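# Structural overview
The chain contents come next:
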Amino acid sequence: MVDYLVLGVAAFGAGLVDAVVGGGGLIQLPAMFSVFPNMAPATLIGTNKLASIFGTSVAAVSYARRVAIAWTVATPAALAALVFAFLGAYTVTKVSAEFMRLLLPLVLVAVAVYTFAKKDFGSVHAPIHSGAGEQTLALVIGAGIGFYDGFFGPGTGSFLVFLFVRIFGFDFLGASAVAKVVNVACNFAALIWFGYSGHLIWQLGATMAVCQIAGSLIGSRMAMKHGSGFVRKLFLVVVTILIVKTGYDAWLRW
C-alpha cells in the first residue's frame, strides 16, 4: 500500500506537469524505478504508458473544451505519430539508442537557449501555415517525434510544444493543446506494443491512471487560467531539469 501511495503521488505530479508542457515522465518513471528496482524496465515503462495515456487523454479533452485546437495540424500529426511511434518501439529492439542518450542534452540546451533568447517566443498565437503545406509539416513532425517517442522518449511533450510554437507560430497554450492530442497517439502506439509483449501491471497502471487524471485536470485548468506566459515559464523550468537529468545520465553517470 505504501508503494502504491508513493506512486500515486508521483502520478498526480506527473499528470499536472504533463498537462501543461509535457515532461511528466521526469517525475513518474524515476519513482517507479525507485519503488521497484528489480522489476524489468520494459514492464515499468509499459505500466507508465498505461497510466500516462489516461492522464494525457483527459488533458486533451479539457483543452478541447476551452481552447480552439488546430485540428488541421493535430489530426495529421497524431496519425503519423501513431504509426511511427510503433515503428520506433520496434526499432529500439533491433538498434541501440545509445547515440540518442548522448545527443539529447545538447538538443535540449539549444531549445532552452532559443526560448530564453526570444522573449516574445510563443506569446502570440499567429499561425503561419495553412492548407496542404500546414498538413504536410504536421505529418513530418508527427512522424519524427512519434518515432523518437517510441525509440527513446524523454522530453517528447516538450519537443512537441517547442516545434508547434517555432514552426507553426502557435502560442504556448495552443501548442500545448495540440501536443496533448499527438501525445495520446504516441502513448497508444507504445501501449499496443507493451501490451502485446506482456509488459504491463494492470492494477498498478489503473491506480496511477486515476491519480494522473486528477493531476491532468488541475494542470490543464492552470494552463488555461494563467495563459501562455505561465506555460512558457513552466516549459523553461521543465526543459532545464531535463537538461540536468539527461546530461547527468549521458555524460557523468557512467
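Right, let's walk through the structure included here. All of these numbers come straight from a predicted model, not from anything done at the bench.

### Description of the environment of Ala10
Checked against the element boundaries, Ala10 lands in helix H1 (residues 2-21). Counting along the chain gives 17 residues from Ala10 to Ile27, while the straight-line C-alpha distance between them is 6.0 Å. Beyond its immediate sequence surroundings of up to four residues, Ala10 is in contact with Ile27 and Ala31.

### Here's the deal with the packing of aromatic side chains
In total, this model carries 14 aromatic pairs according to the counting rule given. Ring centres of Tyr114 and Phe121 lie 5.2 Å apart, and the angle between their planes is 80°; this geometry places the pair in the edge-to-face category. Given the relative accessible area of 26%, Tyr114 is considered partly exposed. Residue classification places Phe121 among the buried positions, given a relative accessible area of 7%. Each member of the aromatic cluster is reached from another via a ring pair, and the members are Tyr114, Phe121, Phe162, Phe172 and Phe235.

### Some words on the packing of helix H5 (residues 98-117) against helix H9 (residues 202-252)
In the contact formed by H5 and H9, the axes pass within 8 Å of each other and the chain directions differ by 155°. By the angle class used here, H5 and H9 are roughly antiparallel. Seen along the crossing, H5 lies across H9 with a hand that is left-handed. Across from Arg101, Leu102, Leu104, Pro105, Leu108, Val109, Val111, Ala112, Thr115 and Phe116 in H5, the residues of H9 making contact are Arg232, Phe235, Leu236, Val239, Thr240, Leu242, Ile243, Thr246, Gly247, Asp249, Ala250 and Trp251. When the residues that make up the contact of H5 with H9 are grouped by side-chain class, the tally is 15 nonpolar, four polar and three charged.

### Focus: the nonpolar core
Ranked by internal contacts, the top residues of the largest apolar core, which has 55 residues, are Tyr63, Val73, Phe164, Phe170, Val178 and Phe235. Broken down by secondary-structure element, the contributors of at least two residues to this core are H1, helix H3 (41-66), helix H4 (71-91), H5, helix H6 (131-151), helix H7 (156-168), helix H8 (172-196) and H9. Beyond its immediate stretch of four places on either side in the chain, Phe164 contacts Val73, Ala77, Ile141, Gly169, Phe170, Ala175, Val178, Ala179 and Val182. Membership of the second largest hydrophobic core comes to ten residues, among which are Ala10, Met32, Phe36 and Leu204.

### Observations regarding the pattern of salt bridges
Across all of its chains, the model carries three salt bridges by this definition. Among the salt bridges present, the one from Asp149 reaches Lys49, with a minimum N-O distance of 3.4 Å. Here the residue Asp149 occupies a position in helix H6, and Lys49 occupies one in helix H3, the gap between them amounting to 100 residues. Judged by relative accessible area, Asp149 falls into the buried class, the value being 8%.

Conventions and cut-offs
Residues numbered from 1 in each chain as written. Predicted model: local features only at pLDDT ≥ 70, side-chain atom pairs only at ≥ 80, totals over all residues. Heavy atoms only, no water. Helix = DSSP H or I, 4+ residues; strand = E, 2+ residues; numbered from the N terminus. Contact = heavy atoms within 4.5 Å. Phe/Tyr/Trp six-rings, centres within 6.5 Å; stacked < 30°, edge-to-face > 60°. Buried < 20%, exposed > 50% of the residue type's maximum accessible area, 1.4 Å probe, protein only. Axes fitted to C-alpha atoms, helices over the stretch in contact; angles between N-to-C directions. Parallel < 35°, antiparallel > 145°, perpendicular 65-115°, else oblique. Left-handed = near helix turned anticlockwise from the far one by under 90°. Nonpolar A, V, L, I, M, F, W, Y, C, P; charged D, E, K, R; others polar. Core = buried A, V, L, I, M, F, W, Y, C linked by side-chain atoms within 4.5 Å. Salt bridge = Lys/Arg side-chain N within 4 Å of Asp/Glu carboxyl O.

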